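Structural description and commentary
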Amino acid sequence: MSDKGSIIYLEGVIVDYDGFKALNNLNFIVNYHELRVVIGPNGAGKTTLLDVICGKTKPVHGRVIFGKDVDLIGKREDEITKLGIGRKFQAPSIYSNLTVWENLDLSLKRDSKGVFVTLLSKSTPAERERIEATLETIGLQEHPHRRAGSLSHGQKQWLEIGMVILQDPALLLVDEPVAGMTDKETEQTGVLLQTLAEKHAVIVIEHDMEFVRQIARTVTVLHEGTVICEGTVDVIQANERVREIYLGRQKVGH
Ligand SMILES: Nc1ncnc2c1ncn2[C@@H]1O[C@H](COP(=O)(O)OP(=O)(O)OP(=O)(O)O)[C@@H](O)[C@H]1O
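Fair warning: this is a prediction, and the values are worked out from it, not measured in the lab.

Considerations on the site of the ligand
Neighbouring the ligand are the residues Tyr17, Phe20, Ala22, Pro41, Asn42, Gly43, Ala44, Gly45, Lys46, Thr47, Thr48 and His207. The contact in question runs from an oxygen atom of the ligand to an N or O atom on the backbone of Gly45, over 2.9 Å. Take Thr48: an N or O atom from its side chain is 2.5 Å from an oxygen atom of the ligand. Across the complex, the protein chains shield 58% of the 640 Å² of accessible surface that the ligand would expose by itself. When contributions to the shell around the ligand are tallied by element, the ones reaching two or more residues are strand E2 (20–31) and helix H1 (46–53). Here the shell around the ligand takes three residues from H1, the largest share from any one element. The residue inventory of the shell around the ligand, partitioned by class, reads five nonpolar, six polar and one charged.

Given below as structure tokens:
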């Protein structure tokens, strides 16, 4: 896959729930090595957008193209994961009773034959190196042998991000990564996502405008299933339509 141009391209996408259009003729493009933040009021269609990209929800109309020409419509979720799209959901789904290292090891060898066989099999030096590098990236290099269940909320989120990036996705989807985090954890997560964007394209759904300001270069604003504004944080905060939509619901930034 060439790493020029768009990594994901949605055109005219409609998701219809009994006549209600959760996505309404949505056009959305993200390029390689981009860190894109998607914001929008409740019900705007943000989660549905990620659901369409990862194959969880099928549009009734439109195109979803990954890379140069891989049509994702009709593909199963596991096929899309294998093609190189990883998703970090809001709630961490780690093995609490296993250590940080074991969780990462399992994710790296996901295609192996189950948890116990994988944990008993010896890792190659290359696999150990990748796990060590990931521990550094997610800031857990001092805790490889800690039980995952004993980590702080923020550390659990980072561990799961580590598990997703060990699959080496070209495109990483992240749903509200800083919900419930302390200020310090939020800031560290911002640095982590920016580091990840050097290697992967990243799409982040976020509500916390202070965090959006910390990480975003380009922000897409969704409303009623369609894009109403796209640009830098300053551009979207100055946009009349965006201000109207958020008026009385949530302040757009500070
Ligand atoms: N399975 C479904 N059946 C019917 N309606 C749905 C379904 N899933 C989502 N919707 C509706 O589609 C709209 C968009 O939902 P979505 O979860 O994508 O919004 P969102 O922008 O992620 O909102 P939030 O910020 O509250 O998470 C909402 O009005 C929601 O109620």
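Description of the sheet that holds strand E5 (residues 70–71)
Strand order in the open sheet formed by four strands is E2-E1-E4-E5, with antiparallel pairing between adjacent strands. Single-partner strands in this sheet number two, and they are E2 and E5. Inspection of the sheet shows strand E1 (residues 6–17) paired to strand E4 (residues 61–66) by five bridges, in the antiparallel sense. Within the sheet, the bridge partner assigned to Glu11 lies in E4 and is Arg63. Contacting E1, E2 and E4, H1 runs over the sheet at an angle of about 115° to E1.

Side note on the side chain of Thr134
Looking at the element boundaries, Thr134 is found in helix H5 (residues 125–137). Relative accessible area serves as the criterion here: at 7%, Thr134 is assigned to the buried category.

Overview of the pattern of salt bridges
Scanning the entire structure with this criterion turns up 11 salt bridges. Residue Glu11 pairs with Arg63 through a salt bridge whose shortest N-O separation is 3.1 Å. On the criterion of sequence distance, the pair formed by Glu11 in strand E1 and Arg63 in strand E4 is long-range, its members being 52 residues apart. Judged by its relative accessible area of 32%, Glu11 falls in the partly exposed class. Across the salt bridge formed by Asp51 and Arg87, the nearest N and O atoms sit 2.8 Å from each other. In this pair, Asp51 is assigned in helix H1 and Arg87 in strand E6 (residues 85–88), connecting sequence segments 36 residues apart. The same class applies to Asp51 as to Arg87, namely buried. Several salt bridges share partner residues, and in doing so they unite Glu34, Arg36 and Glu230 into one network.

Remarks on the packing of helix H3 (residues 100–108) against H5
Axis separation between H3 and H5 bottoms out at 10 Å; the angle between their running directions is 120°. The orientation of H3 relative to H5 falls into the category oblique. For the pair H3 and H5, the sense of crossing is right-handed. Side by side, H3 and H5 meet where Val100, Trp101, Leu104, Asp105 and Leu108 of the first sit next to Glu127, Arg128, Arg130, Ile131, Glu132, Thr134 and Leu135 of the second. For the contact of H3 with H5, the residue count by class is six nonpolar, one polar and five charged.

Let's talk about the packing of H3 against helix H6 (residues 153–165)
It is the contact of H3 with H6, at a shortest axis distance of 8 Å, that shows an interaxial angle of 25°. With respect to H6, the element H3 is oriented roughly parallel. In terms of crossing hand, the pair formed by H3 and H6 is right-handed. Contact with H3, carried on its side by Val100, Asn103, Leu104 and Ser107, involves Leu159, Gly162, Met163 and Val164 of H6 and no other residues of that element.

Considerations on the side chain of Glu176
Structurally, Glu176 is set in the loop between strand E7 (171–175) and helix H7 (183–196). Despite its burial, Glu176 remains without a salt bridge, the nearest opposite charge being carried by Lys46 at 6.2 Å. Among all residues touching Glu176, those that are not within four sequence positions of it are Gln90, Ile205, Glu206 and His207.

Calculation criteria
- Residues numbered from 1 in each chain as written.
- Predicted model: local features only at pLDDT ≥ 70, side-chain atom pairs only at ≥ 80, totals over all residues.
- Heavy atoms only, no water.
- Near = heavy atom within 4 Å.
- Polar contact = N/O pair within 3.5 Å; in protein donor to acceptor, adjacent residues only side chain to side chain.
- Areas by Shrake-Rupley, 256 points an atom, 1.4 Å probe, with all protein chains shown as cover.
- Helix = DSSP H or I, 4+ residues; strand = E, 2+ residues; numbered from the N terminus.
- Nonpolar A, V, L, I, M, F, W, Y, C, P; charged D, E, K, R; others polar.
- Pairing = 2+ DSSP bridges.
- Contact = heavy atoms within 4.5 Å.
- Axes fitted to C-alpha atoms, helices over the stretch in contact; angles between N-to-C directions.
- Buried < 20%, exposed > 50% of the residue type's maximum accessible area, 1.4 Å probe, protein only.
- Salt bridge = Lys/Arg side-chain N within 4 Å of Asp/Glu carboxyl O.
- Parallel < 35°, antiparallel > 145°, perpendicular 65-115°, else oblique.
- Left-handed = near helix turned anticlockwise from the far one by under 90°.
- Lys, Arg positive; Asp, Glu negative; His and termini not counted.

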